Amino acid sequence: MGEPADRLTQLDGLRGLAVLLVVASHTAESVVPYGGVVGVTTFFVLSGFVITRALLDEAERAGRIHLGRFWLRRAARLLPAWTAVLVVVTVAVIVLADPIRGDLPRVLATVGSYTGNHARVLGVELGPFEHTWSLAVEEQFYLVWPLVLILLGVLARTRPRTAAVALCGLVGAAVTWRVVGTVVLPYDRLAYGLDTSAAALLVGALAAFALRTGSLRGLGQIDLRTGRPSAVVLGVGGVGATLLVVLSVCTLPITVGSLPGAARWVETAAVAVAALVVVAGALGGAPALDLAIARWFGTISYGLYLWHYPLLRIEPGGDPSTGVVRLGLALVGIGVASASWYLLERPVLRATRSWGRHPTTRPVAGAPQRVRGGTG
């Protein structure tokens, strides 16, 4: 099946790079100490961009944002694989006598209600479900952000400049708080809080607005002679993608391991770097991310993120996995994620494809033209 004409395949590749950084960090933290924070931050920027773009598309096509349809689409995409992970990992924790077994009801209540990020802020152990804090942040964003966009749209009808200022002010406040928090907040509060994570999500959202309105045309997005991305865009894409990898390793030398206190600065810096790569990728300026293998990992990234961590984290009888066993478990995670995509996630998406589609295709009067591209 071919790619939709308006799909930004390089962002699929960026998603693939992000999940590989996360898996590498969880598998061999001494080698890739910051891959987790860089990868998750990249996911947040991507989510802000993709979700905002989808909502703007709907507003342009149908004249409104339909909240029910949006949330149904999110449920169809996220819940099948998530439910499978909850069931399988719960059984594994019980059968293998993982140390978290005694607290399992509390853990399931926390992660099942998408409040794992708040639990992590409070230092609550979630065992093989600890990675679900980022899913909680995104779900909370999905609940709030469409409402904010609707309010901005109402304001834009009569005061478009005021709406633009409000949007930029919101993003600016989130980024400012992120920088301040990097200095003054405890790390768990900085890393897992919704308010501090909002900077990455909102920077991605602002990137979607900037591309939609043509605000970045001054960068010479397209070389008019060749019709390809300009040298500036290609440079930003290439350097930015490389920086994401460099930030993930960031050891002096590698045998020293991670640097004390560096994670908070790496994570905050990754917001800016990931945003640059998202914009460049949206304009076709990161051709390395268009490699088939990168896009394939992007396709299975959600399942891989869900499955790899429990495989690595479950401790049968209290004994953690070590050495080459962890590499083997990571490879098993790739296989399980592939099965999840082809046998569960994709069939559900195909079966529910019509959910949330508006019957009309009329554009909103005066709405800007669509930006070609996007990720699903």
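Heads up: these notes are all about the structure in this document.

Basis of the calculations
Residues numbered from 1 in each chain as written. Predicted model: local features only at pLDDT ≥ 70, side-chain atom pairs only at ≥ 80, totals over all residues. Heavy atoms only, no water. Helix = DSSP H or I, 4+ residues; strand = E, 2+ residues; numbered from the N terminus. Buried < 20%, exposed > 50% of the residue type's maximum accessible area, 1.4 Å probe, protein only. Contact = heavy atoms within 4.5 Å. Areas by Shrake-Rupley, 256 points an atom, 1.4 Å probe, with all protein chains shown as cover. Axes fitted to C-alpha atoms, helices over the stretch in contact; angles between N-to-C directions. Parallel < 35°, antiparallel > 145°, perpendicular 65-115°, else oblique. Left-handed = near helix turned anticlockwise from the far one by under 90°. Nonpolar A, V, L, I, M, F, W, Y, C, P; charged D, E, K, R; others polar. Arc of directions from axis to C-beta. Salt bridge = Lys/Arg side-chain N within 4 Å of Asp/Glu carboxyl O. Patch = residues over 30% accessible without salt bridge, like charges linked within 9 Å, V, L, I, M, F, W, Y side chains within 5 Å.

**Focus on the overall build of the chain**
Counting its regular elements, the chain contains 14 helices and 2 strands. The buried share of the chain, reckoned over its 376 residues, is 50%. Excluding contacts between residues fewer than 6 apart, the proportion of contacts in the chain whose partners are at least 24 apart in sequence is 76%. If you sum the accessible surface of the chain, you get close to 17200 Å²; carbon and sulfur atoms cover 68% of it.

**Regarding the packing of helix H1 (residues 9-27) against helix H14 (residues 323-351)**
Where H1 meets H14, the closest approach of the two axes is 10 Å, and the angle between their N-to-C directions is 150°. Comparing their axes, H14 and H1 come out roughly antiparallel. Considering how the two elements wind past one another, H1 and H14 form a crossing that is right-handed. Residues Val23, His26 and Thr27 of H1 form the contact with H14, whose participating residues are Arg326, Leu327 and Ala330. When its residues are assigned to classes, the contact of H1 with H14 shows 3 nonpolar, 2 polar and 1 charged.

**Brief notes about unusual backbone geometry**
For Ala97, which is not glycine, the phi dihedral falls at a positive 55°. Mapped onto the fold, Ala97 is located in the loop between helix H3 (67-95) and helix H4 (104-112). Notably, Tyr114 is not glycine yet its phi reads approximately 55°, a positive angle. Looking at the secondary structure, you find Tyr114 in the loop between H4 and helix H5 (116-121).

**Quick notes on the packing of helix H2 (residues 35-62) against helix H11 (residues 262-282)**
At a minimum axis separation of 8 Å, H2 and H11 run at an interaxial angle of 45°. One finds that H2 runs oblique with respect to H11. The crossing of H2 and H11 is right-handed. Across the interface between the two elements, Val37, Val38, Thr41, Thr42, Val45, Leu46 and Phe49 from H2 touch Ala263, Val266, Glu267, Ala270, Val271, Ala274, Ala275, Val278 and Ala282 from H11.

**Topic: helix H12 (residues 292-299)**
Turning to H12, its buried residues number three or more, namely Ala294, Phe297 and Gly298. Buried residues of H12 fall within an arc of 105° about the axis and therefore sit on the same side. Against the buried residues of H12 lie H1, helix H13 (301-313) and H14.

**Things to note about the environment of Glu29**
Its location among the elements puts Glu29 in the loop between H1 and H2. A residue is classified by how much of its surface remains accessible, and Glu29, at 54% relative accessible area, is exposed. Separated by 220 residues in the primary sequence, Glu29 and Val249 have C-alpha atoms spaced 9.3 Å apart.

**With respect to the pattern of salt bridges**
Counting across every chain of the model gives 12 salt bridges. A salt bridge links Arg295 to Asp290, with the nearest nitrogen and oxygen atoms 3.4 Å apart. Judged by relative accessible area, Arg295 falls into the partly exposed class, the value being 23%. Judged by relative accessible area, Asp290 falls into the partly exposed class, the value being 29%. Salt bridges linked by common partners bring Arg53, Asp57, Glu60 and Arg212 together as one network.

**Notes on the side chain of Thr41**
Looking at where Thr41 falls in the secondary structure, it is placed in helix H2. The exposure class assigned to Thr41 is buried, which follows from its relative accessible area of 3%. In contact with Thr41, other than residues within four places in its own chain, are Ala200, Glu267, Ala270 and Val271.

**Examining a nonpolar patch on the surface**
On the surface, a cluster of nonpolar side chains totalling about 510 Å² of accessible area is made up of Val87, Val88, Val91, Ile94, Val95 and Leu96. One can find Val87 in helix H3. Exposure remark for Val87: the relative accessible area of 51% places this residue in the exposed category.

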